[in-house]
Structures are given as C-alpha cells and as structure tokens.
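As a plain string of letters, each chain reads:
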Amino acid sequence: MSEVKLNLALQGGGAHGAFTWGMLDRLLQEDDIRFDGISGTSAGAMNAVMLTAGWQQGGAAGARALLSEFWHRLMLPDSFDPAGWSRHWPTWWSGVTRHLSPYDLNPFDINPLRDLLNDLVDFERLRRDAPFQLFIAATEVETAKLKLFREHELSTEHLLASACLPALYQAVEIEGAHYWDGGFAGNPVVYPLLFDCKARDLLLLLLHPQQPAAPPVSAQAIADRVAELGFQTTFMREMRALAAMHQRARRSPWRLGRPERRIRQMRLHVLGPDEGLSQLHRSSKLDVRPDFLLELMQRGQAQMDRWLQQNRSALGRSSSCDIEAEFL
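Residues numbered from 1 in each chain as written. Predicted model: local features only at pLDDT ≥ 70, side-chain atom pairs only at ≥ 80, totals over all residues. Heavy atoms only, no water.

Draft legend 1. Here's a closer look at the pairing of strand E6 (residues 177–181). Direction of pairing for strand E3 (residues 133–140) relative to E6: antiparallel, over a ladder of 3 bridges. In the sheet register, Ala138 faces E6, and the bridge partner there is Asp181. Across 3 bridges, strand E5 (residues 172–174) lies against E6 in antiparallel orientation. Counterpart to Ile174 in the pairing with E6 is Ala177. Taking the residues between adjacent antiparallel strands as the criterion, E5 and E6 are bridged by 2 residues, where Glu175 takes a positive phi near 50°. (Pairing = 2+ DSSP bridges. Helix = DSSP H or I, 4+ residues; strand = E, 2+ residues; numbered from the N terminus.)

Have a look at this one:
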C-alpha cells in the first residue's frame, strides 16, 4: 500500500486528552501513514509535541513511546491517594476557583507540567529539526487574538501557554504578551493545515461532541454545555467558513486561486468522542487517576480502530466527511 500523508488537528480537553492519546496510538500502528502538519490546543498541543518529539527520536514507535510516557507520568499514583479523594477533588476545586484566583491560590505559579515537559522533550532539537510542521494555539489575554506558535520557536512555556486554564494558572508571559488556553481562540485550529501544508488529507480528532444527544435541561447540564460552547464556538465558526469556501469552490470550478484549489483538493476526515466520553462531567477533565486515564486511552484506541475499519480505504483517495453537510 502506498504511503498516505495526513495533517492532524488535535482538540484540547484536559485529562480527556488521554482519549486522543489512544486514538493516536492506534493510528501510529498503521505502517504506511505519515504526517505533514499537526495543530494542537491545550491537551492537543501536548499530544502533538509528544508525537512529534517521539517521532524525531524513533519514528512511529518512538512517538507511541513518548506519548505513553507523558500520560503515565502525568497520572496521580494510587499510593498517593489511598482514600480515593482524587475522585472528588475536581468538583471541589471547581467550587473553590469560583471565589479565588490562581494569583491567590498559587502565588508562586507552580505548574507540575513544567518539569515534566522539560524532562521529556529536547526543545532545542525540536526547534532545529522537527519532522513535522507544528501549529500550537494560545489565546493572547490582552487582545483575545489567536496566537500560533510554530515548531522552530517552541519551548516549555509555549506549551504551558496553550494549556493555561485561567482558573488554575497565572497567565503565561512570553515576550511581553500574556497567554491563556488556546481553546478560547481555536480548538483545534484548521486553516494553517490547509493553506501552509502540502498534504491533502486532514484528520480532525475531536473530544467535544458536535451535537449533544439532547438539549440540556438540568442546571448542571446547562452549565456544562455553556462551558463546552466556550471552547467549541471558534472551531465551529472556522469550519463553517471553510465549508462555505468549499461550496463556492465547488460551484465555481473556474476559480483558479490557491485557496480555492486547496479547498477543492482537501480530503476531510473527522473522528469524535464515543458516547461515554461525551457524557462525562466537565470536572473529569481534571481527573488524572491512572484507572480513569487508562480507560480513556483504551476507549480512544477502540474508537480509532472502528473508524479505520470503516474509513481506512478513503485515506489518500476521498473525503470520509461531507464538510458542507456537517458544518453548514
């Protein structure tokens, strides 16, 4: 089978990013799949950089190994929590942060991810010779603008900026600008994969359901959906714009501009969460218990395996998702 090159867009979602880890782990077992560009936001940014740095060290096997090491080292050891308190602390912490900011609760800006990232990733080597193009999303606090950090400039601070939840961590300062989680501005960002990369196949790995099973009616369900929309609206707006461009390019094939050509050539594939992930409370995005993360990883593997069984033959040939039907 001939080699297939993909662009990947990896959505953020805190600990739910372990589901994406599972999807990527299964995808990386396909011997003929390679990557051109990867965009990532928050947990998606972590997965993107682990995949890229691991590939740099040892191809697909190296990518799988580094993704696994990152998520295993992120887990809260069972011995640290014999009473099972960690099952409830995300909900408790969410209540605390309604009244106190990270500048009150964490004045020294301690972030356990900082040491982990410094330990796992050789950022100097990554900047010098990244095997793929990277687009790591963050939101500039002062202007609300989307900022995309590229592979040649990445450091630990850029990844922390992409994953900076303002209720948990102080804004990350980079070159005089302050950044929060990229999900506020693009989750995930798609357009650079279309217009700055060569691969025609674009695979979106999503953690948020595009449509809930039913409209929320309880106070908690409504609050969950409101919070979810805050991290999903920009993505849906971007996809609607691309779908409209696709429709115009299809209806006016004589248009010969590069954007129109890229839109017409695009082969779109979308893989979202399973039903179980879609029903989890948003506080579970802070849950780093080993059994929870490993369950998500295994379900992500199964989700990707099902998708490949149904759509593997489309890769490199045609879209498996109708962008106009899905997003217009």
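Draft legend 2. Representation of the UniProt feature "short sequence motif: GXGXXG" (unreviewed entry) in the protein in the model. Per the UniProt annotation, the sites labelled "short sequence motif: GXGXXG" (unreviewed entry) are residues 12–17. A distance of 6 Å separates the end C-alpha atoms of residues 12–17, which is 17% helix and 0% strand. (UniProt positions renumbered as here; feature names shortened; annotations may be inferred.)

Draft legend 3. Structural view of the side chain of Asp274. Relative to the helices and strands, Asp274 is located in the loop between strand E8 (267–271) and helix H12 (275–278). A relative accessible area of 12% means that Asp274 is categorised as buried. Here Leu277 takes part through its backbone nitrogen, which lies 2.8 Å from a polar atom of the side chain of Asp274. The contacts of Asp274, once residues within four sequence positions are left out, are Phe19, Arg299, Gln303 and Arg306. (Buried < 20%, exposed > 50% of the residue type's maximum accessible area, 1.4 Å probe, protein only. Polar contact = N/O pair within 3.5 Å; in protein donor to acceptor, adjacent residues only side chain to side chain. Contact = heavy atoms within 4.5 Å.)

Draft legend 4. Inspection of the nonpolar core at higher detail. Core analysis: the biggest nonpolar cluster contains 64 residues, and Leu8, Leu27, Phe35, Val49, Leu51, Phe70 and Met304 have the highest contact counts within it. Among the elements that line this core, the one with the most residues is helix H2 (residues 43–74), at 13 residues. For Leu27, the residues in contact, after removing those within four places along its chain, are Leu6, Leu8, Ile33, Phe35, Leu203, Met304 and Leu308. By size, the runner-up hydrophobic cluster in this structure holds 24 residues, among which are Leu194, Val270, Cys321 and Phe327. (Core = buried A, V, L, I, M, F, W, Y, C linked by side-chain atoms within 4.5 Å.)

Draft legend 5. Broad picture of the packing of aromatic side chains. On inspection of all chains with the given rule, the structure shows 9 aromatic pairs. Ring geometry for Phe149 versus Tyr179: centroids 5.3 Å apart, planes at 75°, classification edge-to-face. Here Phe149 is found in strand E4 (residues 146–150), whereas its partner Tyr179 is found in strand E6, with 30 residues between them in sequence. Summarising the burial analysis for this pair, Phe149 and Tyr179 share the class buried. Among the aromatic residues, those joined into a cluster by ring pairs are Trp21, Phe70 and Trp71. (Phe/Tyr/Trp six-rings, centres within 6.5 Å; stacked < 30°, edge-to-face > 60°.)

Draft legend 6. Spatial organisation of a nonpolar patch on the surface. A surface patch of nonpolar side chains, about 220 Å² in accessible area, is lined by Val141, Trp180 and Phe184. Looking at the secondary structure, you find Phe184 in the loop between E6 and helix H8 (191–195). By relative accessible area, Phe184 is classed as partly exposed at 34%. (Patch = residues over 30% accessible without salt bridge, like charges linked within 9 Å, V, L, I, M, F, W, Y side chains within 5 Å. Areas by Shrake-Rupley, 256 points an atom, 1.4 Å probe, with all protein chains shown as cover. Salt bridge = Lys/Arg side-chain N within 4 Å of Asp/Glu carboxyl O.)

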